Structure formats: C-alpha cells, structure tokens
Amino acid sequence: MDYRLQLAKRMLFNKRGSLVGAVLAVTIGILVIHVNFVIFQGLFDAIVRDLTDYRFGNLQITDEEDYIDKSDQSLVNWFERIPYVEAATPRLSSTASINITKFGERIEETRVPIVGVDPLRDIRASTVHNTIAEGQFVYSRNSIVLGSNVAQDLGGAKVGDSVKLKIVDRYGQEQLKRFIVTGIAKSPGGQGFDYSVVVHIDTLRDLMDRDGYTGSIMVKLNDPTKATEVKDLFLRTFPNEDFIAETIEEAAEEQLAGFRSGIAMINMIGYFGMMSSAFAIVTIQMMLVNGKTKEIGIMRAIGAKRRDILIIFLFQGIIIGAIGATVGTAAGLGYTIYAKETKMSFNNSLPLEVSIQWDKVIQTALISFSLAIIASLYPSYRATKLLPVEAMRNV
Amino acid sequence: MSDKVLEMYNLNKVYGEGDTKVHALQDVSITVNKGEFLLIVGSSGSGKSTLLNMIGLLDRPTSGKILIDGTNTTTLNDGKISSFRNHKLGFIFQFFNLLADLTVLENVMLPRQIQGTNASASKDAKELLKIVGLEDQMYKQANKISGGQAQRAAIARGLVNHPTIVLADEPTGNLDSVSAQKIVQLMKSMAKKLGQTFIVVTHDRHQFGDVDRVITIKDGRAFEGQESTRLEAVA
Ligand SMILES: Nc1ncnc2c1ncn2[C@@H]1O[C@H](COP(=O)(O)OP(=O)(O)OP(=O)(O)O)[C@@H](O)[C@H]1O
Ligand SMILES: [Mg+2]
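Residues numbered from 1 in each chain as written. Chains lettered and ligands numbered in written order. Predicted model: local features only at pLDDT ≥ 70, side-chain atom pairs only at ≥ 80, totals over all residues. Heavy atoms only, no water.

The next thing to look at is the sheet that holds strand β9 (residues 213–218) of chain B. Residues and elements named next belong to chain B. The strand order across the open sheet built from 6 strands is β6-β7-β8-β3-β9-β10, with neighbouring strands paired in mixed fashion. Each edge of the open sheet carries a strand with a single partner, namely β6 (89–92) and β10 (221–224). Strand-to-strand twist of the sheet, defined as the mean angle between neighbouring strand axes without regard to direction, takes the value 20°. Both strand β3 (residues 37–41) and β9 contribute to a ladder of 4 bridges, which runs parallel. Residue pairing across strands places Val41 opposite Thr216, the latter belonging to β9. (Pairing = 2+ DSSP bridges. Helix = DSSP H or I, 4+ residues; strand = E, 2+ residues; numbered from the N terminus. Axes fitted to C-alpha atoms, helices over the stretch in contact; angles between N-to-C directions.)

Structural data, given as structure tokens:
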C-alpha cells in the first residue's frame, strides 16, 4: 500500500472522534436529501397518482369545443383495443346548486362541481369509487354521491337523504331533479371528489340537455410509460376532429407546477445542508492538520514533498467521503424502505408514493463524495504550507 | 570527487525586521570532510539550531552558500530540496522524532518509502533496528516506546537512506544520563563502523568525549581550534 494512503488512514482512524464527526456530517447531508425526497417527491407522486386515478387517467381526451360529440361508446372501444390500455371511461362535468330540507329547514349550496360518470366503466378506469366512505357508488339514474365536504356543508347529509339539484341547461333553463344520496366520498388527501357530487352521466346529460355529449374520456394504461405513444396514435387516428389529448403531466400541469418549484426549493435547501456538512469537514480536517504540525514537519524534514503532504490529506478527504457516502446512502435507503414498507402518509392522511430512484441515489452519493474531497482541498493545501523547521521547534 | 561533504561560505541568517531583528548567524564558513564526527556547541540562543537547520536545508540562509556533496543547494527549488534532504541527509531531533501513527519499523522505513525505493526498505530497516537494539520493539506503535528507544529508532531512520550527513540537534537533550550515554556511544560507533559523517549539536560537550572536531558558536559566529577550546572553557 502507498505509504501516504496508509498514513492518511492511520491518522484518521486514530482520531476516532474526528473521523466519526466528519463521516456523520456527510451522512446527515445525504440523509436530509433522502428524507426530503421521500416526503416531498413522495407527496408529489402521491398527488400525481391520485389525480391520475381519480380525475384524469394516464391520458385525458377532451375537445377544443367544450364537449366531445363523438359517441363515447366508440371512443372507449377504440381505446380498449390497444394493448397498453387497461380501460377507458367517459366523464362529464358541470356545476349545480343543491339543497336539502332537514327538520323543516332548507339548506342550499350553490356552485357545487358535479361529475357524471358511467358507473360500470368508471370502476375499471378509475379508483374514485374506492373513496366511498359510507354507502355505495352511483348505481342508478337517481342516485347521487356527495363529497364529504358537500355533505357537511349541507348540514350533515347522510346516505338515504333526499336532495334536490338545480342545473342550468344549454338553453339557460333551470332544470330540477331529486336524488337519493347513496354514498359519501372522502379521499385521503382530498384529491378525490370530496368537494363535488357524482351522478350517473346519462342523468347529467339529460339535465344539461346534452344528450350523447361527453366532457372527457379518461384513459387508464397498464403501462403508464406508453402514454405519449397512445396519445400520438390517437391523434393520428382522429386527425380531423378537434380532440385534445393530454398525458397526466400535461393535464394536471396547473395543479403540479407550483408543487414542482416547491420541490426544487426543498432540494436546494437539501444541497445547502450538504454544503454545510462540507464546511464541517473543512473545520474537522483543519483540526486534524493543526494537530499534526510536528508530524508534517518531520515528514517534510525527511524528504516528503509538498505534494506528498497534499496527497495524504486528500486521501483523508476521500476516505471520509467514501465512508460518509456509503453510510449516508445506506441510511437514506433504509429510511426510504421504511417509509415504503410502513406506507408512510403525509399529515396522517395522504399515503406517500415512495419510490427509489437509483439515478438520484447515485447522484446524491457522488455529489457528497465529491464535496468531501473538495472540502479537504483547503486543509490539505494548508498542510503543505507548514515548514519543515516545525519539526525542530520545542513543544 | 573531493572528500568535502559540506562547504559553507559566509552564511548569514537574520530573523525578523527592524527592532526585532536577530542576526542569528554571522559570516559562518565551515567545511566538513567525509566521515568526520563534528560537534557544534555553544550557549543557549547562540545559533546552533539555526546553523543546523541551514545545513539540513530546513530553512534558507539570508545570504551565503551551502554545498552538499559538491551541489550548490541555495538555488534549488522546494521539491528538489525535499528530494535532496531525502537522499543526502538524515535527521535526529530532540523531541518528536517519530510519527505516533506508525510502528517503529514503519517509521524507520519512511525515508525509503518517500524515495519510492521500497524493495529492500523493510529488510534494511530491520537490520538497522537490530543494530540499534530495537529488534523486539519494531512492531510497537512509535508512541509506546521510551524516549531512549525513540532516539535509537531515530538513529536507525537517519541511517536507512545511506545519507551523506546525519544531523542531530540535541539528541540527548531529553534523556537521563544513562540513556544519553547509550545514544552517544551508538552514534559514535555507527560513525566509525559506516564511515558516516555526523554533525551533532549539543550543549553538553563532555558527554561526547573524544570527537574529530568541535565548533563553538557564540552570538552567531563560529569558532574552531584554540579559540573554540578557550570559549568552551569560558562556557
Ligand atoms: N524563527 C525564529 N524567529 C525569530 N528569531 C529566531 C527564530 N529562531 C531562532 N531565533 C533566534 O535566533 C537566535 C538563535 O537561536 P537558535 O535556536 O539557533 O539557538 P540555539 O543555539 O539552538 O539555542 P538552544 O541551545 O536554546 O537551542 C536566538 O536569539 C533565537 O531567539
Ligand atoms: Mg537549539
């Protein structure tokens, strides 16, 4: 073994406290990045997941006009012939006023988002039916599912209650219809229909006087990475209609944009944390160098060049970086796996979508490894500036 | 090649500036021949260590010239000087001779490892350790042996690269009189056996008994011969 590496190792390992301190600094830097990633990327991915599952699908088809007038049946069938497609379902949206009379008192809520679903298809393309906390999903033309917040605003509406809906149709006429509440929807994290009501799509078409119209087609893929491919195929197949096809990222851009910059900022903070661990390494290594003044003097006296001294202390940086990166990455992965296994949730509700992104893991490890080496540059340089006469000085 | 291993001409060393200026060496010119055992004596603060540091190329003179083995060292850059120290000089200091992080053997091997000539380093180092009587101590951590043993290890380290000159600054200064005597005898016997040139700084002239030459430093000036003896008597 090169004597410089051996000396670097011995000097470092004989100063257990400094070694542990420096390694800990690197470890914590990495751990912060991993924890941030688990929580904030996990939150982001959880929201993307829920928006995909509840609202947009992996691919969403709309029309440049407000409504698709092509038969939803034929579009759904077209999609479901593609092997990557698991299921597709039509949706139609509007707003409604809704009122309930309880104990002789009438409570009205206006401008409630209303979604029309095709119950049989919807349960295959979306998991929103799983958010029914009480009762069951829409199953008949006069059943309605209330979002938990709507139900609350209506004075605590319950399954079995009767509510009256008022919708303005395409001709500006108010249409009224009475529904029976069959279910209350409540999603963890609130990305579901907590603030909406859900009815049968055909009922909504009737009320809006939009027979045969569809707001959007929600397409669920069994391989989400093929979203762009399916989208392109769709647009090529129907070039003359005014369809808009958007992947989830495109469709939910508005909801996600703010979040993205938030994550970027959190990551910045993480990298600042790494920087401060680099400063910790500078401090610790300066202490190591200062404690080895005599030794450096002796080495210089017996012929070690400045470069040899530099190499010894750079080796220490490499050792600190290597151990720190390994321990930090192990700790980070440990936390990630723990979060995944325990299905960690944010604010005790929204289950995080935890994933291990190996490129990010390796990148983080490499950055902190490099930072440790960069941090050791200055102390190493200072060590080379010590004079060989130092060895001669008495105590 | 001449027998002169060291030539110094008009060496001056000035520390500091202005009011704090110290003229530590003044016009010192000394020539040392191969195989000589030379003592440098003088009172505290007279400039002995300063002179040895100049010879050892650990510090640069303010003016003057130092030739070692015929090479003018005053014009060499830091890297060349390091290499020169490594190949031509051996050092024994008063304190802190050994690196505590290494074993005794590793310490003795170090000059050779710095040279990059590892091949017989371990063998040579072990042989020298045997000669200085540290055969059974060589795998110990360097900070786990006595002061006398450390000085003996330093002598072995000073010799391992077959230097032109071995320099020692108060090698016995930190030892009890029995250990000190052992070190003195060891250095003198090595000098004789190997024909090795030694330049030793001491404040205790008598500890060394008969030596080839004695140079006395007083106020930064070097005296030899009768003058030196007279100064010694005064001191
Ligand atoms: N780095 C320095 N800066 C300023 N002055 C110094 C320095 N080193 C030595 N001196 C001064 O130079 C003079 C000679 O010092 P030197 O150490 O050579 O003495 P010495 O003969 O070795 O003394 P001692 O027997 O106490 O070791 C002293 O006056 C000392 O104060
Ligand atoms: Mg001295």
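Before going further, it helps to examine the interface of chain A and chain B. How big an interface is tends to be stated in terms of accessible area lost as the parts join. Contact with chain A, which involves 25 residues of that partner, is made by 30 residues of chain B. With both chains or domains summed, chain A and chain B bury close to 2400 Å², and 63% of this area falls on carbon and sulfur atoms. There are 4 salt bridges connecting chain A and chain B. For Arg300 of chain A, the salt bridge goes to Asp78 of chain B, with nearest N and O atoms at 2.9 Å. Inspection of the chain A/chain B interface yields 10 residue pairs in polar contact (both at pLDDT 80 or more). Examining the composition of the side of chain A that touches chain B, we find that 6 residues originate from one element, helix α10 (residues 293–301) of chain A, more than from any other. Broken down by class, the residue content of the side of chain A that touches chain B amounts to 13 nonpolar, 4 polar and 8 charged. (Contact = heavy atoms within 4.5 Å. Buried area = accessible area lost by both parts, 1.4 Å probe. Salt bridge = Lys/Arg side-chain N within 4 Å of Asp/Glu carboxyl O. Polar contact = N/O pair within 3.5 Å; in protein donor to acceptor, adjacent residues only side chain to side chain. Nonpolar A, V, L, I, M, F, W, Y, C, P; charged D, E, K, R; others polar.)

Residues and elements named next belong to chain A. Under the counting rule described, the total for this entry stands at 12 aromatic pairs over all chains. The interplanar angle of 55° and the centroid separation of 5.8 Å between the aromatic rings of Phe44 and Phe259 together place this pair among those described as tilted. With Phe44 in helix α2 (residues 16–56) and Phe259 in helix α9 (residues 253–291), this pair connects stretches of sequence that are 215 residues apart. Under the relative-accessibility criterion, Phe44 is labelled buried at 8%. The exposure class assigned to Phe259 is partly exposed, which follows from its relative accessible area of 24%. (Phe/Tyr/Trp six-rings, centres within 6.5 Å; stacked < 30°, edge-to-face > 60°. Buried < 20%, exposed > 50% of the residue type's maximum accessible area, 1.4 Å probe, protein only.)

Moving on: the side chain of Thr203 of chain A. Residue and element names in this part refer to chain A. On the secondary structure map, Thr203 appears in helix α6 (residues 201–208). The buried category is assigned to Thr203, whose relative accessible area is 3%. From its side chain, Thr203 meets the backbone oxygen of Arg141 in a polar contact 2.8 Å long. Beyond its immediate chain neighbours, meaning those up to four positions away, Thr203 contacts Arg141, Lys177 and Phe179.

This part covers the side chain of Thr62 of chain A. As for its placement among the helices and strands, Thr62 of chain A is situated in strand β1 (residues 59–63). Ignoring sequence-local partners within four residues, the contact set of Thr62 of chain A consists of Ile68, Gly215, Ser216, Asp242, Phe243 and Ile244 of chain A.

With that settled, the discussion passes to α2 of chain A. For α2 of chain A, with 41 residues, the first-to-last C-alpha span of 56 Å sits near the 60 Å given by 1.5 Å per residue. Within two residues after α2 of chain A, Gly57 of chain A carries a phi angle of roughly 75°, on the positive side. (Expected span 1.5 Å × (residues − 1).)

What follows deals with unusual backbone geometry. Glycine aside, a negative phi is what most residues show, and trans is what most peptide bonds show. Despite not being glycine, Arg111 of chain A shows a phi value in the positive range, around 50°. Looking at the element boundaries, Arg111 of chain A is found in strand β3 (residues 105–117).

Our next topic: the site of ligand 1. The environment of ligand 1 is made up of 13 residues, and the closest members are Ser44, Gly45, Lys48, Ser49 and Thr50 of chain B. Near ligand 1, the surrounding residues are drawn from chains A and B. Between ligand 1 and Thr50 of chain B there is a distance of 2.5 Å, counted from an oxygen atom to a side-chain nitrogen or oxygen. Protein coverage of the free-state accessible area of ligand 1, which is 630 Å², stands at 61%. If you list the elements that add at least two residues to the shell around ligand 1, you get β2 (22–33) and α1 (48–55) of chain B. The greatest single-element share of the shell around ligand 1, amounting to 3 residues, is contributed by α1 of chain B. (Near = heavy atom within 4 Å. Areas by Shrake-Rupley, 256 points an atom, 1.4 Å probe, with all protein chains shown as cover.)

Quick look at a negative patch on the surface now. On the surface, a cluster of negative charge is made up of Glu64, Glu65, Asp66, Asp69, Glu241 and Asp242 of chain A. Position of Glu65 of chain A among the secondary structure elements: in the loop between β1 and α3 (72–80). (Patch = residues over 30% accessible without salt bridge, like charges linked within 9 Å, V, L, I, M, F, W, Y side chains within 5 Å. Lys, Arg positive; Asp, Glu negative; His and termini not counted. Charge placed at Lys NZ, Arg CZ, Asp CG, Glu CD.)

Moving on: the confidence of the model for chain A. Here chain A averages 92 in pLDDT, and 98% of its residues register 70 or above. Per-residue pLDDT, averaged within each element of chain A, yields its smallest value for strand β11 (residues 345–346) of chain A (86) and its largest for strand β8 (residues 197–200) of chain A (97). (pLDDT = per-residue confidence, 0-100.)

All names here are of chain B. Inspection of the sheet shows β9 paired to β10 by 4 bridges, in the antiparallel sense. From the neighbouring strand, Thr216 faces β10, where its bridge partner is Phe223. Between β9 and β10, which pair antiparallel one after the other, the connecting turn spans 2 residues, and Asp219 there sits at a positive phi close to 50°.

With 70 residues, the main nonpolar core has Met299 of chain A together with Leu6, Leu51 and Ile199 of chain B as its most contacted residues. The residues touching Ile199 of chain B, leaving out its near neighbours within four places in the chain, are Leu6, Val32, Leu38, Ile40, Leu52, Ile55, Ile165, Val166, Leu167 and Ala168 of chain B. Listed in part, the 40 residues of the second largest apolar core include Ile145, Ala168, Phe208 and Val211 of chain B. (Core = buried A, V, L, I, M, F, W, Y, C linked by side-chain atoms within 4.5 Å.)

All names here are of chain A. Burial runs high along α6: 6 of the 8 residues are buried. Every buried residue of α6 is listed here: Ile201, Thr203, Leu204, Arg205, Leu207 and Met208. A positive phi of about 60° marks Asp209, the residue just after α6.

Another aspect to go through is the pattern of salt bridges. All names here are of chain A. A complete count under the given rule lists 26 salt bridges over all chains for this structure. Notably, a salt bridge pairs Glu353 with Arg49, separated by 2.7 Å at the nearest N-O pair. Placement of Glu353 in the loop between β12 (350–351) and α12 (358–384) and of Arg49 in helix α2 is noted, with a sequence separation of 304 residues between them. The class of Glu353 is partly exposed, set by a relative accessible area of 33%. Between Asp72 and Arg205 there is a salt bridge, with its nearest N and O atoms 3.2 Å apart. Remark: Arg205 occurs in helix α6 and Asp72 occurs in helix α3; sequence separation between them is 133 residues. Linked through salt bridges whose partners overlap, the residues forming this network are Asp2, Arg4 and Asp308.

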